[in-house]
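Next come the chains, spelled out residue by residue.
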Amino acid sequence: MALIELTGIRKVYRTKEIETTALENVNLSVEKGEFISIMGPSGCGKSTLLNIIGLLDKPTEGQVSLLGENCSAMDDARLSHFRNANLGFVFQSFHLIPSLNVAANVELPLAYRSGLSGHDRKERVEQVLKRLEMLHRIHHMPSQLSGGQCQRVAIARAIVGKPEILLADEPTGNLDSKMGSEVMEMLHRLNREDGMTIVMVTHNEAQARETDRIVRFFDGRIIS
C-alpha cells in the first residue's frame, strides 16, 4: 500500500470575478521510504499540491489517502491531530517564531502531543538538535543564527515528533550552495537512516536528480 495516494485531485480557487484551476486530475502514489522531487515552473501548482498532501488545504475534488487512511473524510479536529502525529513541514522561509529561542521553536509540535511530560519534551528536543549539530545553539534566538542554522532548526522542529512523512517546500531556496548542500545531506540521512518518506518541491535540477524520482508539473497537471 502506498503511504501517500492522491486520486483525481482537482483544486479550484474562486472569487466573484474569476475561477482559477490550480490542479487538474492529479493522480500520485508515493511508497514508504521514497524521496521524491516535484518540479515545474512557478505558479504551476507545486505548492498547492504540497499543501493538499500536508492537509493544510482541501481539494475541490478527489481523494487524499495517507498511511492507508482516507483523509478526505476527516473533520477538522481529526485532520489537525493526524497532521501533528504523522507529518513534518520544512519551508523556504523557515517560519521560526522570532520571539522564541531555538529550544522553544523545536518543541512547538510536541506541545500538542498528549502523554509527553515536560522532561520527555526537553529530552526529545535535545536529541534532535544534537543530531543536527545545533545543540550548542539551543538558547539562541533565530535572529542570532545564519540562514543555514535557521533551516537546521526548522528541520529539527519538523522531525522532533518523528513523523512518517516530511514535506519540504524549496528547503534550500534561501541558502547559498554550501548551506544548501548541507541541508540536502540532512534530508538524505533522514531518508536513509530513519526511512522517512520525503516529498520535496524544488527548482534545483541537480538536487532533484539526487532523489528517487522526479514528478514534473505544468499548468496544474503531472506531465512526467
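Residues numbered from 1 in each chain as written. Predicted model: local features only at pLDDT ≥ 70, side-chain atom pairs only at ≥ 80, totals over all residues. Heavy atoms only, no water.

**As for the sheet that holds strand 1 (residues 4-14)**
Strand order in the open sheet formed by four strands is 2-1-4-5, with antiparallel pairing between adjacent strands. At either end of the open sheet lies a strand with only one pairing partner, and these are strand 2 (19-30) and strand 5 (69-70). Here five bridges tie strand 1 to strand 4 (residues 61-66), and the two strands are oriented antiparallel to one another. Its bridge partner lying in strand 4, Arg10 is registered against Glu61. The strands that helix 1 (residues 46-53) touches are strand 1, strand 2 and strand 4; relative to strand 1, the one it contacts most, it runs at about 120°. (Pairing = 2+ DSSP bridges. Helix = DSSP H or I, 4+ residues; strand = E, 2+ residues; numbered from the N terminus. Contact = heavy atoms within 4.5 Å. Axes fitted to C-alpha atoms, helices over the stretch in contact; angles between N-to-C directions.)

**Here's the deal with the pairing of strand 9 (residues 213-218)**
Pairing of strand 3 (residues 35-39) with strand 9 involves four bridges; the strand directions are parallel. From the neighbouring strand, Met39 faces strand 9, where its bridge partner is Arg216. Note: strand 9 against strand 10 (residues 221-222), two bridges, orientation antiparallel. Paired with Phe217 across the two strands is Ile222, which belongs to strand 10.

**Quick notes on the pattern of salt bridges**
Going through the model one piece at a time under the given rule, you end up with 17 salt bridges. Among the salt bridges present, the one from Arg131 reaches Asp194, with a minimum N-O distance of 2.5 Å. In this pair, Arg131 sits in helix 4 (residues 118-131) while Asp194 sits in helix 6 (residues 177-194), placing the two residues 63 residues apart along the sequence. Under the relative-accessibility criterion, Asp194 is labelled partly exposed at 40%. Three or more residues are tied together by salt bridges with common partners; here these are Glu133, Arg152, Lys178 and Glu182. (Salt bridge = Lys/Arg side-chain N within 4 Å of Asp/Glu carboxyl O. Buried < 20%, exposed > 50% of the residue type's maximum accessible area, 1.4 Å probe, protein only.)

**What about the packing of helix 5 (residues 147-159) against helix 6?**
Close contact between helix 5 and helix 6 brings their axes to 10 Å; oriented N to C, the two are set at 15°. Judged by the angle between their axes, helix 5 and helix 6 are roughly parallel. Like other packed secondary-structure pairs, helix 5 and helix 6 cross with a definite hand, here right-handed. Of the residues in helix 6, those in contact with Gly148, Gln151, Arg152, Ile155 and Ile159 of helix 5 are Met179, Glu182, Val183, Met186, Leu187 and Leu190. A per-class count over the contact of helix 5 with helix 6 returns seven nonpolar, two polar and two charged. (Parallel < 35°, antiparallel > 145°, perpendicular 65-115°, else oblique. Left-handed = near helix turned anticlockwise from the far one by under 90°. Nonpolar A, V, L, I, M, F, W, Y, C, P; charged D, E, K, R; others polar.)

**Focus on the pairing of strand 1**
Across a regular strand the side chains alternate sides, sitting on one face of the sheet and then on the other. One ladder, built from eight bridges, connects strand 1 with strand 2; its direction is antiparallel. From the neighbouring strand, Tyr13 faces strand 2, where its bridge partner is Thr20. Here strand 1 folds back onto strand 2, and the loop between the two strands holds four residues.

**As for the side chain of Ser37**
By the secondary structure assignment, Ser37 is in strand 3. Contact partners of Ser37, with chain neighbours within four places excluded, come to Met200, Thr202, Ala208, Thr211, Arg213, Ile214 and Val215.

**As for unusual backbone geometry**
The backbone phi angle of Glu133 is positive, close to 60°, even though this residue is not glycine. Tracing the chain through its elements places Glu133 in the loop between helix 4 and helix 5. A positive phi angle, near 55°, is found at Lys162, a position not held by glycine. Secondary-structure assignment places Lys162 in the loop between helix 5 and strand 7 (165-169). Using a relative accessible area of 60% as the deciding quantity, one classes Lys162 as exposed.

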